[in-house]
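Observations on the model geometry
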Amino acid sequence: MAACALRRGLLSGVSKYSRKHYHRILSVTDINISFEVYKPRLQCRACGLLGGVPQKRFMSSRPEGKILEPVGVFEAVKQHGKYETGQLFLHSVFGYRGIVLFPWHARLYDRDITPPVSDSKPEPPGAHGSKEVKGKTHTYYQVLIDTRDCPHISQRSQTEAVTFLANHDDSRALYAIPGLDYVSHEDILPYNSAEQVPIQHELFERFLMYNPAKSPPFTPRDTLKAWQEKNHPWLELSDVHRETTENIRVTVIPFYMGMREAQNSHVYWWRYCIRLENLGSEVVQLRERHWRIFSLSGTLETVRGRGVVGREPVLSKEQPAFQYSSHVSLQAPSGHMWGTFRIERTDGSHFDVRIPPFSLESNKDDKAPPAGYTF
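These notes cover the structure that comes with them. Because the structure is a prediction, the values reported are computed rather than measured.

**Brief notes about the environment of histidine 327**
Mapped onto the elements of the fold, histidine 327 is located in strand β21 (residues 321–330). Separated by 71 residues in sequence, histidine 327 and tyrosine 256 have C-alpha atoms that sit 9.8 Å apart. A polar contact is formed between the side chain of histidine 327 and the side chain of threonine 163, at a distance of 2.9 Å.

So, in structure tokens, the structure goes:
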């Protein structure tokens, strides 16, 4: 019997960490989403905090208020192959409704797997350990998040993780497209819906059209194909790095953002998305971060600070994951980053969780700033 995809609000409890799927629904109010421009303090490296974001501590891991309404019918999860453009889904960890725009194929470097020495990726200079890690192909998806769910996942996952540098005349501005995310294949819980507009997002009807003769019944418009082609260098993810320490798994995805000239020198910018997952049953809280940033120019910088993006997230069985993005710049076209997160247990004891080393590589052909954020 098909399982009903219960939600008109946020399905926050569909978690792959539980043996039995359970539903906890939040009521939502519609919000208007538009492309916004921020002027963050980009010179702050590895801080995970964009300018204007308030410093506040997040202690609670349980949402309040529950409303159940059906939105569709679950489909069989694909063990092989990939989901097509227009596939509706619930995020298995963060619970939001979304729709697939297009897939990406990345190389996943999983340090939890001990590979043969051949065909492996070497450690950056000075990184912890000497293990070489073999990459394997893994599918990720560019997706739209239903804007009705954005307020209820904001404490667990940034909904503006896709950012772009501004034009050269304003080197400090950062453009963000709200409601875009990168989702791993195993995080997709597919469902179908009888609604012709099941996802509320400014770009939904500009990128997709309803076609009941197709499966899924939402097909890409030419605007989506053109947008993907124009912004390919800025959107595509190539490497994903993962490592687990004491049941806390850290996944890092770096993105090259482009080069800017500043004071007669070149400055290269990257963003990186980080996800922390509690794979165990113990409640823990992230307290501190410790980064090391190596540049090809020969510099090695150390950064320490409280929390990430102004928060100290709690990771529990009910809310096992936290995801955020930040930015870093180098005065060289490449470098490496690695480090640790200081995690606190409920008894007050601490342990360090390793952040897997990842490379910062610039594109050889630096292109014009991305198009499409002025819809």
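**Focus: the pairing of strand β6 (residues 88–91)**
Neither face of β6 is open: one carries Leu88 and Leu90, the other Phe89 and His91, and all of them are buried. The pairing of β6 with strand β7 (residues 97–110) spans three bridges and is classified as antiparallel. Paired with leucine 90 across the two strands is arginine 97, which belongs to β7. Counted between consecutive antiparallel strands, the loop separating β6 from β7 contains five residues, among which glycine 95 sits at a positive phi close to 80 degrees. Taken together, the four bridges between β6 and strand β12 (residues 188–192) define a ladder with antiparallel strand orientation. The residue of β12 that forms the bridge with leucine 90 is leucine 189.

**A closer look at the side chain of serine 334**
Relative to the helices and strands, serine 334 is located in strand β22 (residues 334–345). Aside from chain neighbours lying at most four places away, what touches serine 334 is Trp270, Ser295, Leu296, Leu360 and Glu361.

**Overview of the packing of aromatic side chains**
For the coordinates displayed, the defined rule picks out 14 aromatic pairs. Relative to phenylalanine 255, the ring of tyrosine 182 lies with its centre 4.8 Å away and its plane at 35 degrees, an arrangement referred to as tilted. On the criterion of sequence distance, the pair formed by tyrosine 182 in strand β11 (residues 180–184) and phenylalanine 255 in strand β16 (residues 248–262) is long-range, its members being 73 residues apart. The class of tyrosine 182 is buried, set by a relative accessible area of 6%. Summarising the aromatic geometry, the rings of tryptophan 291 and phenylalanine 341 are spaced 6.4 Å apart at their centres and angled 85 degrees between planes, so their arrangement reads as edge-to-face. Here phenylalanine 341 lies in strand β22 and tryptophan 291 lies in strand β18 (residues 284–295), a separation of 50 residues in the sequence. An identical accessibility class is assigned to tryptophan 291 and phenylalanine 341; each is buried. Three or more aromatic residues joined by ring pairs make a cluster, and in this case those are Phe102, Trp104, Phe207 and Trp227.

About the thresholds
- As a convention, each chain's residues are numbered from 1 in the sequence order in which they are written.
- Per-residue local features are limited, in this predicted model, to residues with pLDDT of at least 70; the limit for side-chain atom pairs, both in listing and counting, is 80 or more; totals at the level of whole chains, interfaces and linings are taken over all residues.
- Only hydrogens and water are set aside; all other atoms, that is, all heavy atoms of the structure, feed into the side-chain values.
- Numbering of helices and strands runs from the N terminus, with a helix taken as a DSSP run of H or I at least four residues long and a strand as a DSSP run of E at least two residues long.
- N or O atoms within 3.5 Å of each other form a polar contact, as long as, within protein, one can give a hydrogen and the other can take it, and as long as residues adjacent in sequence are counted only when both atoms are side-chain atoms.
- With a 1.4 Å probe rolled over the protein chains alone, any residue whose accessible area is under 20% of its type maximum counts as buried; one over 50% counts as exposed, and the rest are partly exposed.
- A pair of strands is considered paired only if DSSP assigns at least 2 bridges between the two.
- What makes two residues a contact is simply this: any of their non-hydrogen atoms within 4.5 Å.
- We call Phe, Tyr and Trp rings a pair once their centres come within 6.5 Å, taking the six-membered ring for Trp, and we label the pair stacked below 30 degrees between planes, edge-to-face above 60, and tilted otherwise.

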